[in-house]
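# Analysis of the macromolecular model
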Amino acid sequence: MLSAETWQYLYVAIAVWLASYLIKRHLDPLNAIPTVGPSAPLLSYLGAIQYIRDAESLLREGYQKVGFVSIHCNATLMSPPQYYGTVFKVAMLDGWLAVFTGPQLIDELRRSSDDELSAVEGTSQVLQLRHTLGPGVDDQFHVAVVRDKLTRSLQVLCPDVLDEVSAAFQEYIPAKEDEWVGVRIFPVVQQVVARASNRVIVGLPKCRDPEYLKVAVNFTNDVFITSFIINLFPDFLKPIIGRMTTMVSKNKHILMPMIVPMLQQRQKMFEQYGDGWEDKPRDLLQWILDEGREKGTPFDNIVEKVLLVNFGAIHTSSVTFTHALYNLAAHTEYIQPVREEVESIISEEGWSKASLGKMRKLDSLLKESMRLADGSLLSMFRKAVKDVTLSDGTRIPRGTLVAAASATAHTDGTRYPAPDTFDPFRFARLREGGVGAATKHQLVNTSVDFLTFGHGKHAWSVLGLSPLSTLRILVLTRRTNSPGRFFAANELKIMLAYLVLNYDIKFEEEGKRPPNIRFGPANLPSHNAIVLFRKRRDVPKFALPASQHA
C-alpha cells in the first residue's frame, strides 16, 4: 500500500503534467484555429471517424460556421461567407487537417512556396509514398523528360490514342443496333483508360496485354489501400507497417519480367544502330530509357517509373470519365447537342488536337461534371515544412497538413448560379464572353473557383494526376503548363466523343444517377452501376479512326 508521502508525490506529478499539458495546448497555434467536430484529447478520434464517414458534412459545417463568425465580426450581414474565408481544422486518425476556404486564402495557398507549404511532402503524407512506393519516388528525373517529350508529341499522339480507345470500346462494349446491352461500366472505363494511356507509355502490343493491364490497374488500387492502412497508425509505426504491406512491391515484381526484356531489346537496337534507328518507338518507355542511359539508371528503376506514371494515368481519368458518363446517361437530352457538335467538327477537320479544342459543349460537359464530383472533396494538399503565418494572421505550425475545400468552392452560389444543378453547357456559355472568357472557362484552365486540377504550379502533372482523387499529386513539376492535364483532357474528350458518335446511352431507370461512394474526402462514382448501350445505326465513317476504316 502506498504511503501518504508517495501519494503526495504522485499528486504533484499529475498536477505538473496537467499544467504542462494545458500550457502546451494553450500555446499550440493549432488550438487557435476553429475546429469542426470534437477537439478534446481522445474525443477528437470521434471527429476523425466522422471525417471518414461523412467528410462533406464536416466541410460544409466548417464553411458555414467560418462564414457566420466572419460576417458577424465584420458587421456585413448580407456578405457571402467566402469573402471572409479563413481556416478551420478537422481531425484525422493521425493528426489534424487545416482546411483553407475562400478565394483569397486558396490563392494564397496556390502561391505558397515549397519551402513553406510543400506539395511534395503533403502528397507524400496523404499517400504515404515513401512507405508504399519506396525511396525511389523521390527521384523524379522522368518528369522533365515527359514534360518535354509529351508537350511536343500531343498532336502526333492523338491518332494512336483514338485508335486504342476505339479498339477497346468495341471489345468491352458488345452493343448491337437493335437492342440495349447492359455494361458494368467502371471496370470497362479503367481498362479503356489503361489501354489508351499505355499506348503512350509502353506502346503496342504491350498496351493490350491483359496481364500487363491487370498489374497496371491493380497497382493503382493497391497504392490507395496500402496508404489507408498505413495512415491508421502513428508515425513511429508507419515504416514497420509499410514493410508489412507488400501489395505494391508484389506488382513491381510481376511487372519486371514484362518490361525488362523490352528495355533490353531497345538497348540492343541502340547499341547496334545508334540513337535514330528505323521504327524507334515513340513512347514514354523509350523516352525514359534514353534519359536513363545518360544517368546510368538501372532497369528496375525505370520499371518503377512505369508503375508511377500508370498510377497517375489510370485512377483520376477513370473516376472523372465515369462521373461524366453517369451524368450523360442520366440526362440523355444532352446527348444529341453534343453529338451534333462532334459530328460537325470531325466531319470537316477529322480527329486532331485542334479539332478537339473546338468542341466547346463537350469540353463544358466534362468540366461541369468535374465541378460537381471530381473524385475528391479536397484539393491542393500541402504540408507545412516550417511555421507559417498567413495574411489573415492564422499560424500554421510546422508539420501540419493543409488542403483547400474544393467541394464548397465548386458549389458556391455566388460563383455558380444553381450550383447543385448539372448544367452541362454552363462553361460553354461563359466562354462566349470574349477571348479572355474563352480561355478562362475551358476545361484545362484552373482558378480559385475550379480546383479539380489543383491550382498554380502544381496543377495536374504527368498523365492526368490531380491533387487528391483525392489523394492525388504524385508526379510533380514546377510549371503550370504541365502537359499532364492537357493529355488527360484530350484523352477524356476522345473517349466521350467516340461514345456519343457510336452509341446511344442511358440508365435502365431513366434519369436516375447512382449515388456516389463517399469515404473520407473521396467522392467516387459507383463501381457497380450498369449503363445501357445501343450501337447507333448508320454511324458516319469519320466516327472511327482511319486505321479501322474498311
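Structural notes, computed from the coordinates. All values derive from a computational prediction rather than experimental measurement.

Across soluble globular proteins, nonpolar side chains have a tendency to be buried as a group. Residues Phe169, Ile173, Ile185, Ile259 and Phe533 are the most contacted members of the largest nonpolar core, which totals 102 residues. Counting residues per element, this core draws most heavily on helix α12 (residues 299-330), which supplies 16 residues. Discounting residues that sit within four places of it in the chain, Phe169 has contacts with Val192, Phe321, Met495, Tyr498, Leu499 and Tyr503. Ranked by size, the runner-up nonpolar core spans 19 residues in total, among them Val87, Ile106, Leu117 and Leu451.

All right, on to the packing of helix α8 (residues 210-230) against α12 then. Closest axis-to-axis distance for the α8/α12 pair is 9 Å, and the angle between their directions is 80 degrees. The orientation of α8 relative to α12 falls into the category roughly perpendicular. Only Val306, Leu307, Leu308, Asn310, Phe311, Ile314 and His315 of α12 make contact with α8, whose side of the interface consists of Tyr212, Val215, Ala216, Val217, Phe219, Thr220, Val223 and Phe224. Looking at the contact of α8 with α12, its residues break down into 12 nonpolar, three polar and no charged.

Moving on to the environment of Leu127. Along the chain, Leu127 falls in helix α4 (residues 119-127). For Leu127, a relative accessible area of 0% translates into the label buried. Separated by 97 residues in sequence, Leu127 and Phe224 have C-alpha atoms that sit 6.9 Å apart.

Scanning the model with the defined rule gives nine aromatic pairs in all. With centroids separated by 6.5 Å and ring planes inclined at 80 degrees, the aromatic side chains of Phe219 and Phe311 adopt a geometry described as edge-to-face. With a gap of 92 residues between them, Phe219 in helix α8 and Phe311 in helix α12 connect regions that are remote in the sequence. Each member of the pair, Phe219 as well as Phe311, carries the same accessibility label: buried. With 5.6 Å between their ring centres and 85 degrees between their planes, Tyr334 and Phe425 make a pair best called edge-to-face.

Our next topic: the side chain of Asn502. Within the fold, Asn502 resides in helix α19 (residues 483-502). Residue Asn502 is classed as buried on the basis of its relative accessible area, which comes to 5%. Within the local environment of Asn502, its side chain forms a polar contact with the backbone oxygen of Tyr498, the two atoms lying 2.9 Å apart. If near-sequence neighbours (up to four positions away) are discounted, Asn502 is found in contact with Arg534, Lys535, Arg536, Val539, Ala543 and Leu544.

A word on the sheet that holds strand β2 (residues 95-100). In space, the five strands of this open sheet follow the order β1-β2-β9-β6-β3, with mixed pairing throughout. Of all strands in the sheet, those bounded by a partner on one side alone are β1 (87-92) and β3 (117-118).

Turning to the pairing of strand β10 (residues 503-506), a few remarks are in order. Residue alternation in β10 divides its side chains into two sets, Tyr503 and Ile505 and Asp504 and Lys506, and both sets are buried. Across four bridges, the pairing between β10 and strand β13 (residues 530-535) is antiparallel. Residue pairing for β13: Ile505 is matched across the bridge by Phe533.

A grouping of Leu10, Tyr11 and Ile14 is seen on the molecular surface, where their side chains present a nonpolar patch of about 300 Å² in accessible area. Among the structural elements, Tyr11 can be located in helix α1 (residues 4-27).

With that settled, consider the pattern of salt bridges. Under the definition given, this model contains 33 salt bridges. For Arg110, the salt bridge is made with Asp107, and the minimal N-O distance between the two is 2.7 Å. Taken together, the residues span about one helical turn, with Arg110 and Asp107 both in helix α3 (residues 103-111) at a distance of three residues. Across the pair Asp235 and Lys238 runs a salt bridge whose closest N-O atoms are separated by 3.0 Å. Three or more residues joined by partner-sharing salt bridges are found here, namely Asp160, Asp163, Glu164, Glu171, Arg195, Arg199, Arg208 and Arg282.

Strand order in the open sheet made by the three strands is β5-β12-β11, with antiparallel pairing throughout. Looking along the sheet, the strands with just one partner apiece sit at the ends: β5 (375-376) and β11 (517-519).

Reading the values: the criteria
Residues numbered from 1 in each chain as written. Predicted model: local features only at pLDDT ≥ 70, side-chain atom pairs only at ≥ 80, totals over all residues. Heavy atoms only, no water. Core = buried A, V, L, I, M, F, W, Y, C linked by side-chain atoms within 4.5 Å. Buried < 20%, exposed > 50% of the residue type's maximum accessible area, 1.4 Å probe, protein only. Helix = DSSP H or I, 4+ residues; strand = E, 2+ residues; numbered from the N terminus. Contact = heavy atoms within 4.5 Å. Axes fitted to C-alpha atoms, helices over the stretch in contact; angles between N-to-C directions. Parallel < 35°, antiparallel > 145°, perpendicular 65-115°, else oblique. Nonpolar A, V, L, I, M, F, W, Y, C, P; charged D, E, K, R; others polar. Phe/Tyr/Trp six-rings, centres within 6.5 Å; stacked < 30°, edge-to-face > 60°. Polar contact = N/O pair within 3.5 Å; in protein donor to acceptor, adjacent residues only side chain to side chain. Pairing = 2+ DSSP bridges. Patch = residues over 30% accessible without salt bridge, like charges linked within 9 Å, V, L, I, M, F, W, Y side chains within 5 Å. Areas by Shrake-Rupley, 256 points an atom, 1.4 Å probe, with all protein chains shown as cover. Salt bridge = Lys/Arg side-chain N within 4 Å of Asp/Glu carboxyl O.

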